[in-house]
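A structural walkthrough
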Amino acid sequence: MYAIVDIAGQQFKVEKERKIFVHRLSAEEGATVEFEKVLLTDNEGDVKIGAPVVEGAKVTAKVLSHVKGDKVIVFKKKRRKGYQKKNGHRQCFTQIQIEEIVG
């Protein structure tokens, strides 16, 4: 069984026991979070599509850790003008493990 879930503004395909990285959530490590915005569920061929969400469906997940992603270098330059700007960015992520899909 899998589901398509809207988590923090992004859509993810989730299955039971799968670990995924999502944008930083406000929950503590070890806490359990529930996601109510389930857009689609598939239970071995029995597909339910929401309009916009599937009624009564929810996904339960456990917060494993809060981490930072790889560094991305942002480099701007204008040729022959002596202008160059270098900036780095590391995105904050939360690693969650899907425990249960109801729906």
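What this report covers is the structure whose coordinates are included nearby. (Residues numbered from 1 in each chain as written. Predicted model: local features only at pLDDT ≥ 70, side-chain atom pairs only at ≥ 80, totals over all residues. Heavy atoms only, no water.)

Section: the packing of aromatic side chains
The line we're drawing: Here a Phe, Tyr or Trp ring, Trp counted by its six-membered ring, pairs with any other such ring whose centre lies within 6.5 Å, and the pair is stacked when the planes are under 30 degrees apart, edge-to-face when over 60, and tilted otherwise. Whether a charge sits over a ring depends on NZ of Lys or CZ of Arg being within 6 Å of the ring centre and within 35 degrees of the ring normal.
Using the criterion set out here, one finds 0 aromatic pairs in the structure. Note that Lys13 overlies the ring of Tyr2, its terminal NZ or CZ placed 4.4 Å from the centroid.

Focus on the pairing of strand β6 (residues 46-49)
Worth spelling out the cut-off: A pair of strands is labelled paired if DSSP reports no fewer than 2 bridges between them. Each helix is a run of H or I in the DSSP string that is no shorter than four residues. Each strand is a run of E no shorter than two, and both are numbered from the N terminus.
Bridge count between strand β5 (residues 38-43) and β6: 4 bridges; the pairing is antiparallel. In the strand pairing of β6, Thr41 is matched with Lys48. Counting the residues that bridge the hairpin from β5 to β6 gives 2 residues, and of these Glu44 lies at a positive phi of roughly 55°.

Considerations on unusual backbone geometry
Here the amide bond leading from Ala51 into Pro52 is cis, since omega sits at 0°, within 30 degrees of zero. Residue position: Pro52 is located in the loop between β6 and β7 (58-68). A positive phi angle, close to 55°, is found at Glu44, a residue other than glycine. Counting through the fold element by element, Glu44 comes out in the loop between β5 and β6.

A few points about the sheet that holds β6
Rule in force here: Structural elements are reduced to axes, namely lines fitted to C-alpha atoms, with helices fitted over the stretch in contact, and the angle between N-to-C directions of any two is expressed from 0 to 180 degrees.
Pairing is antiparallel in the open sheet, where 4 strands are placed in the order β2-β1-β5-β6. At either end of the open sheet lies a strand with only one pairing partner, and these are β2 (10-15) and β6. The average angle at which neighbouring strand axes cross in this sheet is 15°, direction not considered. Summarising the sheet, strand β1 (residues 2-7) and β2 pair through 6 bridges and their orientation is antiparallel. Residue pairing across strands places Val5 opposite Phe12, the latter belonging to β2.

Describing a positive patch on the surface
Selection rule: Patches were defined on residues exceeding 30% relative accessible area and lacking a salt bridge, with like-charge contacts within 9 Å and nonpolar side-chain contacts (Val, Leu, Ile, Met, Phe, Trp, Tyr) within 5 Å. Areas reported here follow the Shrake-Rupley algorithm with a probe of radius 1.4 Å; residue values treat only the protein chains shown as occluding. For this document, the term salt bridge refers to a Lys or Arg side-chain nitrogen within 4 Å of an Asp or Glu carboxyl oxygen. We treat Lys and Arg as the positive residues and Asp and Glu as the negative residues; His and chain ends play no part in the count. To locate a charge, take atom NZ for lysine, CZ for arginine, CG for aspartate or CD for glutamate.
Judged by side-chain charge, Arg24, Lys68, Lys71, Lys86 and Arg90 come together as a positively charged surface patch. Turning to its location among the elements, Lys86 is positioned in strand β9 (residues 83-89).

Quick word on the nonpolar core
Definition in use: As used here, the term nonpolar core means buried Ala, Val, Leu, Ile, Met, Phe, Trp, Tyr and Cys residues forming a set that is joined through side-chain atoms within 4.5 Å. The rule is simple: take the accessible area with a 1.4 Å probe, protein chains only, and divide by the maximum for that residue type; under 20% is buried, over 50% is exposed, in between is partly exposed. Whether two residues are in contact is decided by their heavy atoms: any pair within 4.5 Å suffices.
In this structure, Ile7, Val14, Phe35, Val59 and Ile96 are the most contacted members of the largest nonpolar core, which totals 20 residues. At the level of elements, β1, β2, β3 (19-23), β4 (32-35), β7 and β10 (92-102) are the ones that each hand at least two residues to this core. Sequence-distant contacts of Phe35, defined by excluding residues within four places in its chain, comprise Val5, Ile7, Leu25, Lys58, Val59, Ala61 and Ile96.

Side note on the side chain of Ser65
Looking at where Ser65 falls in the secondary structure, it is placed in strand β7. In this view, Ser65 contacts Glu29, Phe93, Thr94 and Gln95; residues no more than four positions away in its chain are not counted.

Some remarks on the environment of Gly69
Along the chain, Gly69 turns up in the loop between β7 and β8 (72-78). A relative accessible area of 13% means that Gly69 is categorised as buried. Along the sequence, Gly69 and Lys81 sit 12 residues apart, while their C-alpha atoms lie 33 Å from each other. When sequence neighbours within four positions are dropped, the list of residues in contact with Gly69 reads Arg90, Gln91 and Phe93.

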